[in-house]
Amino acid sequence: MAIAILRLLRPKQWTKNLLVFAAMLFTAAFDPKSVQLSLMAFVAMCLASSATYVVNDLIDAIRDRNHHRKKDRPIASGAVSTALAFGLVFALAAGALAIAFSINPTCLWLIVAYFCLQAIYNLGFKKIPITDVFLIAIGFVMRAVLGPLALNVTISNWLFVCTMTLALMLGFAKRRDEFIKMGEERTVSRESLGGYSLPILNMMVGIFAGASMISYGIYSSESTTAKANPGLIATAFFVAYGICRYLYRVFHDGDGEEPDMILLTDPHVIASVIGFLITAGLAMTHAWGFGGPK
């Protein structure tokens, strides 16, 4: 039962919530208080996202039983009862709201807005092609916004644009993978797939992959943070390489359905992330011996 509950919370998906730490990294806020607030924001978003995953599984239980992979999810398979799942939803949501409020009221309202977004998604908008992926991408942006709200700092809008376009790339790549693997039965599991075609999905993945690299390139060279920390431009290499490697996995290997698993298992992507973090840390702390204009 414990293992089934843990699977229901989808801890692998918590990698998405690492976006909360972007504010700490790009403002070089490594003092104990900032680290504590960022960790609290991360935990709050993990609890909130897990609550929405449980709600999604409750709503989609019947459809999931017809999916090649989702049929083994705890609720769909019967490993976790509906009553227990509802109890988990309330406990997780309450925990997320309590932690967010303990940071500051603005963080609380962002978590509330996140729950409202998920409600809109589940009330029918997830059935609409394009709209479904854009709503998911907004959720990624909310994760990125939570970090600076917790630290009470300002982040360039270009970083949020990059987050949005990167999330759209991942979302459309996931839809592409589902569209192919589900075949003629694709609408049984996800209604929005009936409104897509493979050429459209291929085009969307390519468009937003390019847009994410361009927007991050602008952020890492032209934002206020970048001008004060010129070494930040070096991180654009790792972003571009990681995205290209992901596209290789999507189009060559057909692995677009679970981007979190690529992040955790692909050695090229892992190396890109490590290289990015090291380079960004060196740039933000001026460890290379140069800073921005005096």
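Residues numbered from 1 in each chain as written. Predicted model: local features only at pLDDT ≥ 70, side-chain atom pairs only at ≥ 80, totals over all residues. Heavy atoms only, no water.

Focus: the overall build of the protein
Applicable threshold: Only DSSP runs of H or I covering at least 4 residues are called helices, and only runs of E covering at least 2 are called strands; the numbering of each starts at the N terminus. Each radius of gyration is computed over the set of C-alpha atoms, and the globule rule expresses the reference value as 2.2 Å times the number of residues to the power 0.38. With a 1.4 Å probe rolled over the protein chains alone, any residue whose accessible area is under 20% of its type maximum counts as buried; one over 50% counts as exposed, and the rest are partly exposed. Residue contacts are defined here by distance: any two heavy atoms, one from each residue, within 4.5 Å place the two residues in contact. Each accessible area is a Shrake-Rupley result for a 1.4 Å probe, and residues are judged covered by the shown protein chains and nothing else. In summary, the charge assignment counts Lys and Arg as positive and Asp and Glu as negative, without counting His or the chain termini. Charged side chains are reduced to one point each, which is NZ for Lys, CZ for Arg, CG for Asp and CD for Glu.
Scanning the protein from terminus to terminus reveals 15 helices and zero strands. For the protein, the C-alpha radius of gyration of 19 Å lies close to 19 Å, the compact-globule estimate for 294 residues. Counting only C-alpha atoms, the protein reaches 60 × 45 × 30 Å along its principal axes. Put simply, the protein has 294 residues, and 50% of those count as buried. Long-range contacts, defined here as pairs at least 24 residues apart, represent 72% of the contacts in the protein between residues at least 6 apart. Total accessible area on the protein is roughly 13,300 Å²; 71% of this is exposed by carbon and sulfur atoms. A distance of 3 Å separates the average location of the 24 positive side-chain charges in the protein from that of its 18 negative side-chain charges.

A short note on helix α1 (residues 2-9)
An α-helical turn contains 3.6 residues, so a residue and the one three or four places further along point in the same direction. Spelled out, the test is: Of all possible arcs, the one meant is that of the directions from the helix axis to the C-beta atoms.
Residues Ala4, Ile5, Leu8 and Leu9 constitute the buried set of α1. Relative to the axis of α1, the buried residues are bounded by an arc of 140° and lie together on one face. Turned more than 90 degrees away from the buried face of α1, the exposed residues are Ala2 and Ile3. Immediately downstream of α1, the backbone of Arg10 shows phi near 55°, a positive value.

A look at the packing of helix α3 (residues 32-59) against helix α7 (residues 105-122)
Working note: a packed helix pair is described by the angle between its axes plus the distance between those axes. Heads up, the rule is: Each axis is a line fitted through C-alpha atoms, taken for helices only over the stretch in contact, and angles between the N-to-C directions span 0 to 180 degrees. Roughly parallel means an angle under 35 degrees; roughly antiparallel, over 145; roughly perpendicular, 65 to 115; everything else is oblique. Note: crossing handedness is left-handed where the near helix turns anticlockwise from the far helix by less than a right angle, and right-handed where it turns clockwise. Note that Gly is not counted as nonpolar here; it falls among the polar residues with everything else outside the nonpolar set of Ala, Val, Leu, Ile, Met, Phe, Trp, Tyr, Cys and Pro and the charged set of Asp, Glu, Lys and Arg.
Direction vectors running N to C along α3 and α7 enclose 15°, while the axes themselves pass 11 Å from each other. The angle between the axes of α3 and α7 places the two elements in the roughly parallel class. Regarding α3 and α7, the two cross each other, and that crossing is right-handed. From α3, Ala44, Met45, Ala48, Ser49, Ala51, Thr52, Val55, Asn56 and Ile59 reach across to α7, where they touch Leu110, Ile111, Tyr114, Phe115, Gln118 and Asn122. Partitioning the contact of α3 with α7 into residue classes produces 10 nonpolar, five polar and no charged.

Some details on the state of the cysteines
Put simply, the rule is: The disulfide criterion is simple: two cysteine sulfur atoms within 2.5 Å.
A full pass over the atoms with the stated rule returns zero disulfides. Between Cys116, a free cysteine, and Cys107, which holds the nearest cysteine sulfur, the sulfur-to-sulfur gap is 16 Å. Classification of Cys116 by relative accessible area gives partly exposed; the value is 44%.

Here's the deal with a nonpolar patch on the surface
What counts here: In this analysis, a patch consists of residues with relative accessible area above 30% that form no salt bridge, clustered at 9 Å for like charges and at 5 Å for the nonpolar side chains Val, Leu, Ile, Met, Phe, Trp and Tyr. Think of a salt bridge as a Lys or Arg side-chain nitrogen and an Asp or Glu carboxyl oxygen that are within 4 Å of each other.
A cluster of nonpolar side chains, namely Ile120, Phe125 and Ile128, defines an oily patch on the protein surface of about 240 Å² accessible area. Relative to the elements of secondary structure, Phe125 occurs in the loop between α7 and α8 (131-151).

Here we look at the side chain of Arg176
Secondary-structure assignment places Arg176 in helix α9 (residues 157-182). Summary of buried charges: Arg176 has no salt-bridge partner, and the nearest side chain of opposite charge, Asp177, is 5.9 Å away. Ignoring any residue separated from it by four or fewer positions in sequence, one finds Arg176 in contact with Leu198, Leu201, Asn202, Val250 and Phe251.

A closer look at the nonpolar core
The test is simple: Side-chain atoms within 4.5 Å link the members of a nonpolar core, which is a set of buried Ala, Val, Leu, Ile, Met, Phe, Trp, Tyr and Cys residues.
Core analysis: the biggest nonpolar cluster contains 82 residues, and Phe26, Val54, Phe172, Tyr216 and Leu232 have the highest contact counts within it. Each residue touching Val54, except ones within four places of it in the same chain, is listed here: Leu8, Leu9, Ile75, Ala85, Val89 and Leu92.

Digging into unusual backbone geometry
Look at Arg10: it is not a glycine, yet its phi comes out positive at around 55°. Within the secondary structure, Arg10 sits in the loop between α1 and α2 (22-26). On the basis of relative accessible area, Arg10 is assigned to the buried category, the value being 15%. Backbone geometry places Asn152, a non-glycine residue, at a positive phi of 60°. In this structure, Asn152 sits in the loop between α8 and α9. Given the relative accessible area of 72%, Asn152 is considered exposed.

Brief notes about the confidence of the model for the protein
This is how the line gets drawn: For every residue, the predictor assigns a confidence score, pLDDT, that lies between 0 and 100.
Summarising the model, the protein shows a mean pLDDT of 88, and 93% of its residues fall at 70 or more. Note that residues 289-294 has pLDDT below 50 and, in this model, nine contacts with residues that lie over four places away or in other chains.

So, helix α15 (residues 267-284)
Worth spelling out the cut-off: Between the first and last residue of a helix there are one fewer steps than residues, each counted as 1.5 Å, and that sum is the expected span. Counting of polar contacts relies on pairs of N or O atoms within 3.5 Å, with two restrictions inside protein: one atom must be capable of donating a hydrogen and the other of accepting it, and residues adjacent in sequence are counted only when both atoms are side-chain atoms.
The terminal C-alpha atoms of α15 lie 25 Å apart, and with 18 residues this matches the ideal 26 Å at 1.5 Å per residue to within 8%. Elements in contact with the buried residues of α15: α2, α11 (198-222), α12 (224-228), α13 (235-251) and α14 (259-265). Of the residues flanking the start of α15, the one acting as N-cap is Asp266, its side-chain oxygen 2.9 Å from the backbone nitrogen of His268. Positive backbone phi, at 55°, marks His286, one or two positions downstream of α15.

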